[in-house]
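Spelled out from the first residue to the last, the chains are:
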Amino acid sequence: LKIEQDHAEPATTIATDLTNIRAENDSWYALYTLYNSEAYVKAAAAAIEALTQIYCADLSMSESATLASAGTGSSDPADDLKVLNYDRTFTVYHPSPISMNGAAFMGTRLPKAPGSATWKYAQPAGQTPVNATATHTTNLVAKNVNFLQTTAGVAIMREGKMVGGEFIDVIRDLDYLKDDIQKSIFEALVSAGITVGKIPLTDAGIAIIEAVLRGCLLRGPSRCTG
């Protein structure tokens, strides 16, 4: 027996849906989807990669664990996504789709301040660990899939990575730093516009922007791991 979801991407594409959602409200950071077939997940991942958000996809396909990574995008959805080398999508494997491990995983980390926690070793409440064999574990880790596993008697998330191999917290922390820089420089420009008219293109004006950037970077290391 094996588990697989095989439905196609909807006629109204996920990219179109995301464009419409962002036109209404773009103040969100993480996308989470249900009923994740290979076609659906790959379409959502491709759409998110061009944005400033991140995407979590639960995978229940048995082959994510049972098949070794082919490294050619021909094994299963997890392996396909690894080959695509995306930085803004991460997958969470559990054979029971109803467990919604990915949602629980995000619930342990997104409320925390950027830079304050690694996504690896998270302990989602109320979740059942994957009963993975040594071979299954090797396959999942090789495909950069995250999964809840009992280690030394503790149920922890492994490995805290995006499908391309970068750690989730590094991407999130860099997003925080970029956002902080953009907002801080904008605030400096607006403030100068109100008080003196503008920040001049002089050494003194450049020093103002430099001070803003240095302030962001000084805040960054206390939070950011990247």
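Residues numbered from 1 in each chain as written. Predicted model: local features only at pLDDT ≥ 70, side-chain atom pairs only at ≥ 80, totals over all residues. Heavy atoms only, no water.

### Quick look at the pairing of strand β4 (residues 147-151)
For a regular strand, side chains alternate in direction, first toward one face of the sheet and then toward the other. The condition that has to hold: The criterion for strand pairing is that DSSP finds at least two bridges linking the strands in question. In DSSP terms, a helix is any run of H or I states spanning at least four residues, a strand is any run of E spanning at least two, and both are numbered starting from the N terminus.
By the bridge criterion, five bridges tie β4 to strand β5 (residues 154-158) in an arrangement that is antiparallel. Residue pairing in the sheet places T151 in a bridge with V154 of β5. Count of turn residues in the β4/β5 antiparallel hairpin: two residues, of which A152 carries a positive phi of about 55 degrees.

### Examining the layout of surface pockets
The condition is simple: Only protein atoms enter the 1 Å grid, on which a cavity is a set of points fitting a 1.4 Å probe that cannot get out and a pocket is an open set with protein on both sides within 12 Å along at least 5 of 7 lines, lining residues being those with an atom within 4 Å of a point. Grid points are joined across faces, edges and corners, and a volume is the space filled by probe spheres set on the points. Asp, Glu, Lys and Arg are counted as charged, while Ala, Val, Leu, Ile, Met, Phe, Trp, Tyr, Cys and Pro are counted as nonpolar; the rest, among them Gly, fall into the polar class.
Volume-wise, the largest pocket comes out at about 380 Å³. Grouping the amino acids of the lining of the largest pocket by side-chain chemistry returns five nonpolar, four polar and six charged. Approximately 160 Å³ is the volume found for the second largest pocket. Within the residue set of the lining of the second largest pocket, elements represented by two or more residues are β1 (30-33) and β2 (54-59). Looking at the lining of the second largest pocket, its residues break down into seven nonpolar, four polar and one charged.

### Re the sheet that holds strand β3 (residues 89-93)
Just so we agree on the cut-off: Only C-alpha atoms enter the line fits that serve as axes; for helices the fit covers just the stretch in contact. Angles between N-to-C directions range over 0 to 180 degrees.
Read from one edge of the open sheet, three strands run β1-β2-β3, paired in parallel fashion. On the outer flanks of this sheet lie β1 and β3, each paired with one strand and no other. Across the sheet, the axes of successive neighbouring strands diverge by a mean angle of 25 degrees, strand direction being ignored. Where β1 lies against β2, four bridges are found, and the strand directions are parallel. By the bridge assignment, A30 is partnered in β2 with I54.

### Digging into empty space enclosed by the protein
Applying the stated criterion across every chain, the model contains one cavity of 30 Å³ or more. Approximately 30 Å³ is the volume attributed to the largest cavity. The wall of the largest cavity is formed by R109, K112, A113, P114, G115, A117, W119, D169 and R172.

### With respect to the pattern of salt bridges
The criterion, for reference: The salt bridge criterion pairs a side-chain nitrogen of Lys or Arg with a carboxyl oxygen of Asp or Glu, the two atoms within 4 Å. Summary of the burial criterion: residues with accessible area below 20% of their type's maximum are buried, those above 50% are exposed, and those between are partly exposed, where the area comes from a 1.4 Å probe applied to protein chains only.
Per the stated rule, a full pass over the model turns up 10 salt bridges. R22 is the partner of D26 in a salt bridge, and the nearest nitrogen-oxygen pair spans 3.0 Å. For R22, a relative accessible area of 29% puts it in the partly exposed group. For K183, the salt bridge is made with D179, and the minimal N-O distance between the two is 3.1 Å. With K183 and D179 both in helix α7 (residues 168-195), this residue pair falls four residues apart, about one helical turn. Residue classification places D179 among the partly exposed residues on the basis of a relative accessible area of 33%. Here the salt bridges do not stand alone but share partners, grouping E38, K42 and D80 into one network.

### Topic: the nonpolar core
Note the following rule: To define a nonpolar core, start from buried Ala, Val, Leu, Ile, Met, Phe, Trp, Tyr and Cys residues and group those joined through side-chain atoms within 4.5 Å. Whether two residues are in contact is decided by their heavy atoms: any pair within 4.5 Å suffices.
Ranked by size, the top nonpolar core spans 26 residues in total, and within it L18, Y55 and Y93 carry the most contacts. Breaking this core down by element, the ones donating at least two residues are α1 (14-24), α2 (38-49), β2 and α4 (77-84). Non-local contacts of Y93, meaning those with residues more than four positions away in its chain, are made with L59, S60, M61, S62, S64, A65, N101, V130, L140, V145, N146 and F147. Formed by 13 residues, the second largest nonpolar core is a distinct cluster that contains I54, C56, A122 and M162.

### Focus: the packing of α2 against α4
To keep it simple, the criterion reads: Here roughly perpendicular refers to angles of 65 to 115 degrees, roughly parallel to angles under 35, roughly antiparallel to angles over 145, and oblique to all remaining angles. Left-handed describes a crossing in which the near helix is turned anticlockwise from the far one by less than a right angle; the clockwise case is right-handed.
Axis separation between α2 and α4 bottoms out at 10 Å; the angle between their running directions is 20 degrees. In terms of orientation, α2 lies roughly parallel with respect to α4. In this structure, the crossing between α2 and α4 has a hand that is right-handed. On the side of α2, the interface is formed by E38, V41, K42 and A45, while α4 contributes P77, D80, L81 and L84. Considered class by class, the residues forming the contact of α2 with α4 number five nonpolar, no polar and three charged.

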